[in-house]
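Here is what each chain is made of, one letter per residue.
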Amino acid sequence: MKYSETDLKFMKVALELAKLCDAEGDVPIGAVVVDSDGFLIGRGRNQRQELGDPLAHAEILALQDAAKHIGSWRLDDCSLYVTIEPCAMCAGALVNARIKRLVFGADEPKTGAVGSVFDVIRDARTAHQIEVVAGLEAEAARTLLQNFFQSYRD
């Protein structure tokens, strides 16, 4: 897949956000929304444990932050960077927010909804199509997840 230095820069921000999750006992996933001018306008990290909210996924929180920042739910010209392939809920939210481009790190073979289990985003029946770039910093994202879950097995 095709990605740029700018993509790498924003994925590294998402990875740093993911690292903050572990302190709260949440699965380490981070996400950022970037506008068409290259400005970071939304940040999110998994906060389900911290907030006691089943919807507090990194992508949802980043979308909410971006929408608040620009004063609109329509994020037409924005890109979302997330460390792990989005689940069905988050993929649906990306479609509904009209995100232009999704860049994600590691595949999620159990719940991924951008090709691993389902493909919500590229399904021809959806009203909005999103460009997808997969695999950026996949090893770093995968390592964060593996270390997190390994700590529960030890």
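Above this text you will find the structure in question.
So, here's what we can say about the structure. (Residues numbered from 1 in each chain as written. Predicted model: local features only at pLDDT ≥ 70, side-chain atom pairs only at ≥ 80, totals over all residues. Heavy atoms only, no water.)

## Focus: the packing of aromatic side chains
In plain terms, the rule: Think of it this way: a Phe, Tyr or Trp ring, Trp meaning its six-membered ring, pairs with another when their centres are within 6.5 Å, and the plane angle makes it stacked under 30 degrees, edge-to-face over 60, tilted otherwise. Numbering of helices and strands runs from the N terminus; a helix is a DSSP stretch of H or I covering at least four residues, while a strand is a stretch of E covering at least two. Each residue is assigned to one of three classes by its accessible area relative to the maximum for its type, calculated with a 1.4 Å probe on protein chains only: buried under 20%, partly exposed between the two thresholds, exposed over 50%.
This model, assessed by the stated rule, comprises two aromatic pairs. Aromatic pair F10 and Y81: ring centres 5.6 Å apart, planes at 40°, arrangement tilted. Separated by 71 residues along the polypeptide, F10 in helix α1 (residues 5–21) and Y81 in strand β3 (residues 79–84) bring together distant segments of the chain. Residue classification places F10 among the buried positions, given a relative accessible area of 4%. Their ring planes at 80° and their centres at 5.0 Å tell us that F148 and F149 sit as a pair that is edge-to-face. Its relative accessible area of 4% is what places F148 among the buried residues.

## Focus: the sheet that holds strand β5 (residues 131–134)
Condition: Strand pairing is assigned whenever DSSP detects at least two bridges linking the two strands. Angles here are taken between N-to-C directions and fall from 0 to 180 degrees, while the axes themselves are lines fitted to C-alpha atoms, restricted in helices to the stretch in contact. Contact definition: two residues touch when any of their heavy atoms are within 4.5 Å.
On the basis of which strands lie adjacent, the open sheet formed by five strands has the order β2-β1-β3-β4-β5 and mixed pairing. Single-partner strands in this sheet number two, and they are β2 (40–45) and β5. Across the sheet, the axes of successive neighbouring strands diverge by a mean angle of 15°, strand direction being ignored. In this structure, strand β1 (residues 30–34) lies alongside β3, joined through four bridges in antiparallel fashion. Across the sheet, residue A31 finds its bridge partner in β3, namely V82. Sheet strands in contact with α1 are β1, β2, β3 and β4 (101–106), and its direction is about 140° off that of β1. Taken strand by strand, helix α3 (residues 58–70) contacts β1, β2 and β3, and its axis lies near 150° from that of β2.

## What about the pairing of β4?
This is how it is decided: Looking down the strands as they point away from the viewer, one classifies a crossover as right-handed if the path from the first strand across the helix to the second runs clockwise.
Burial within β4 is extensive, with six of its six residues counted as buried. In this sheet, β4 lies alongside β3 in parallel orientation, the contact comprising five bridges. Residue pairing for β4: V82 is matched across the bridge by F104. Between β3 and its parallel partner β4, the chain crosses via helix α4 (residues 88–96), and the hand of that crossover is right-handed. Bridge count between β4 and β5: four bridges; the pairing is parallel. The partner of F104 across the bridge, within β5, is A134.

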